[in-house]
Structure formats: C-alpha cells, structure tokens
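# Coordinate analysis (summary)
The residues making up each chain are set out below.
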Amino acid sequence: MTLQRLLDMHASGDKIAMLTCYDAAFATLLDEAGVDVLLVGDSLGNVLQGQSSTVPVSLDEMVYHTRCVARGRKSAWVIGDLPFDSYQSSPQEAWKSAAALVKAGAHMVKLEGGGWTAPVVRFLVERGIPVCAHLGLTPQTATMLGGYKVQGREEAAAALMKQHARELVEAGAQMLVLEMVPSALAAELTQSLGIPVIGIGGGVACSGQVLVLHDMLDVTPGRRPRFVKNFMQGAASVQDAVLRYVAAVKAQTFPQDDLHGY
Ligand code: KIV
Ligand code: NA
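Rules of the game
Residues numbered from 1 in each chain as written. Chains lettered and ligands numbered in written order. Predicted model: local features only at pLDDT ≥ 70, side-chain atom pairs only at ≥ 80, totals over all residues. Heavy atoms only, no water. UniProt positions renumbered as here; feature names shortened; annotations may be inferred. Helix = DSSP H or I, 4+ residues; strand = E, 2+ residues; numbered from the N terminus. Buried < 20%, exposed > 50% of the residue type's maximum accessible area, 1.4 Å probe, protein only. Contact = heavy atoms within 4.5 Å. Donors = N, O, S within 2.8 Å, 3.2 Å for Na, K, Ca; no water. Core = buried A, V, L, I, M, F, W, Y, C linked by side-chain atoms within 4.5 Å. Salt bridge = Lys/Arg side-chain N within 4 Å of Asp/Glu carboxyl O.

### What about the UniProt feature "binding site: Mg(2+)" (unreviewed entry) in the chain?
- The feature "binding site: Mg(2+)" (unreviewed entry), as given by UniProt, occupies Asp42, Asp81 and Glu112 in the numbering adopted here. The largest pairwise C-alpha distance within this set of annotated residues, which runs over 71 residues, is 11.0 Å, so the set is compact in three dimensions.
- Positionally, Asp42 belongs in the loop between β2 (37-40) and α3 (44-47).
- Look at Asp42 and you get buried, because its relative accessible area is 4%.
- Here Asp42 is in contact with Thr54, Val57, Met62, Asp81, Leu82, Pro83, Glu112 and Gln140, once residues within four sequence places are set aside.
- Among the structural elements, Asp81 can be located in strand β3 (residues 77-81).
- In this structure, Asp81 is in contact with Leu39, Val40, Gly41, Asp42, Met62, Leu101 and Lys110, ignoring residues within four places of it in sequence.

Have a look at this one:
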C-alpha cells in the first residue's frame, strides 16, 4: 500500500478498509485479510490499558506498539497516533513526536483537532511526514466537547468543521478521520476535500471506514457506541470476522446509516 494508491482509491470510489491494530500477530492477520490501513490508535489506552480515556497514553507507549505492528505488517499502510501532550505545545514538539513514530515504522501520523493544528500539519508535511487529521469527536479533548457525542449537528458547528477541514487540506493533510459526524456532513466533506475521508460513525459515503479492533471483535467490555458492529456474530473465526469487515466496507454494506450513523 502507498499513499498514492490510497488517494487513487478515494478518487475512484474504491472503499478503504481500516482497523486499529496494536501488535504484530494482529498486524499479520489483518494485513493478510486485506485491511488496507492499520491504525496504531491511542485507543490502546482504553482497550489494552483499561484506562477510561486516551489522555494518559504516552508517546513511548505509542512508539512501542507502532514497532510491534510494523514488524507484523507486510503491505498495509501504518498510521501512528500522536498521543495527548505530544504535539500541542509547538510544531517542534510535534516534529519530535511524529519522527519517533516514523522511526518506529509508521508511514503517517494522525493528530486530533482543527484550527490551531493547520500550522502543525504544514510543519510536519513540509519536512516529509504525511499527516492524517481527525475531526468531529476527538477523544483526547472529549471533556471540552461535553462528552462522547455527535459533533457538527448545528449549522455553526458544521460550518466550523468544514472550515477546519479545508484549512487542514491546504496545510497538506492527506487523509482525514471523521468521528461521530452526521452522515450528510461527512458525505459533503468526502465529495469536496479531494483526500480520503475515513469514517467512524460518519456514514457509508466516506472514502473508507475504521473501527477499533476490539469493538468489532466484540471483546471490549461494556457498552458499545452506536457506530460499532459486532463482526464476530456469525463468523467462524477472528480471521473470518475481519474478512467479513473488509468485504462489508468494500461492498458498502457497512455501515448502515439507519443503524450505525447519525
Ligand atoms: O485511537 C483510535 O482508535 C482512533 C480511531 C477511533 C479513529 O483514533
Ligand atoms: Na486515536
């Protein structure tokens, strides 16, 4: 997988299948099942560490898991999440953190938020690190957003998200994750931005989909968000569940906007 191929998939409407991944064994399994992009998400704070948010996750922990995934993958694109307090204070800090993830094997880094992040994205991209932006529900700042809820429902909020997305693309972001965003708004952004838009609770019109691995394998304890589907249901094995996820994303039978969307 290459960045150009991902951009081509977006342009031609071939859907991109992404899952989170935190270790080498799953990296190999997911890669062989045809998952296009492995996201070493800071959601590992929740699913691996048992924390109630992603905020305590450290850069060293992200580096460790990125290394593990990089050893297991064969052809999938690897995105490393910049954790909370690793890119906020300056573009220089963001560079050091992003470079650590790239040295660990990430092909691209992801960071959350709009507005202030555009100059940070430009700083990284100009110096040679591809960046995926993340708008909508941004878990690192969920407290500021008033909890885990849909973002961009009101007109002013939607307009601000569109502005932030345009600024991020102008700054050089080459992918965008939209989390818990109304399907109509996500569809509009996917049509207009010219880069792949990956939805998680963003509707079926996005260029691709991402889920937290443990959520779609139904091993996350407790209540699941609306956008999660249990792919273990009816599957013969973990591998079969992942194959079904990839097939559903490609065929656009997942997500179903009436079940998983906003
Ligand atoms: O950390 C993560 O798993 C993520 C996805 C939810 C997009 O950022
Ligand atoms: Na994340």
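So, next bit.
### Remarks on the coordination of the sodium ion (ligand 2)
- Here the sodium ion (ligand 2) is held by Asp42 (OD) and Asp81 (OD), and the distances to it run 2.3 Å. On the criterion of sequence distance, the pair formed by Asp42 in the loop between β2 and α3 and Asp81 in strand β3 is long-range, its members being 39 residues apart.

### Brief notes about the UniProt feature "binding site: 3-methyl-2-oxobutanoate" (unreviewed entry) in the chain
- Mapped onto this structure's residue numbering, the UniProt feature "binding site: 3-methyl-2-oxobutanoate" (unreviewed entry) falls at Asp42, Ser43, Asp81 and Lys110. These annotated residues cover 69 residues of sequence, but their C-alpha atoms sit close together, with the largest distance between any two at 12.5 Å.
- Since its relative accessible area comes to 14%, Ser43 is described here as buried.
- For Ser43, the residues in contact, after removing those within four places along its chain, are Thr20, Tyr22, Thr54 and Val212.

### A closer look at the nonpolar core
- Within the largest apolar cluster, 86 residues are counted, with the highest numbers of intra-cluster contacts made by Leu19, Ile79, Met175, Leu176, Leu178 and Tyr245.
- Considering every element that reaches this core, the biggest residue donor is helix α11 (residues 238-251), with six residues.
- Beyond its immediate sequence surroundings of up to four residues, Leu19 is in contact with Leu30, Val35, Val37, Leu38, Leu39, Val210, Leu211, Leu213, Met216, Val242 and Tyr245.

### Examining the pattern of salt bridges
- On inspection of all chains with the given rule, the structure shows seven salt bridges.
- One salt bridge connects Lys74 with Glu32, and the closest N-O pair in it is separated by 2.9 Å. Separated by 42 residues along the polypeptide, Lys74 in the loop between α4 (59-72) and β3 and Glu32 in helix α2 (residues 24-32) bring together distant segments of the chain.
- A salt bridge links Asp218 to Arg224; the shortest N-O distance between them is 2.7 Å.
- A residue is classified by how much of its surface remains accessible, and Asp218, at 38% relative accessible area, is partly exposed.

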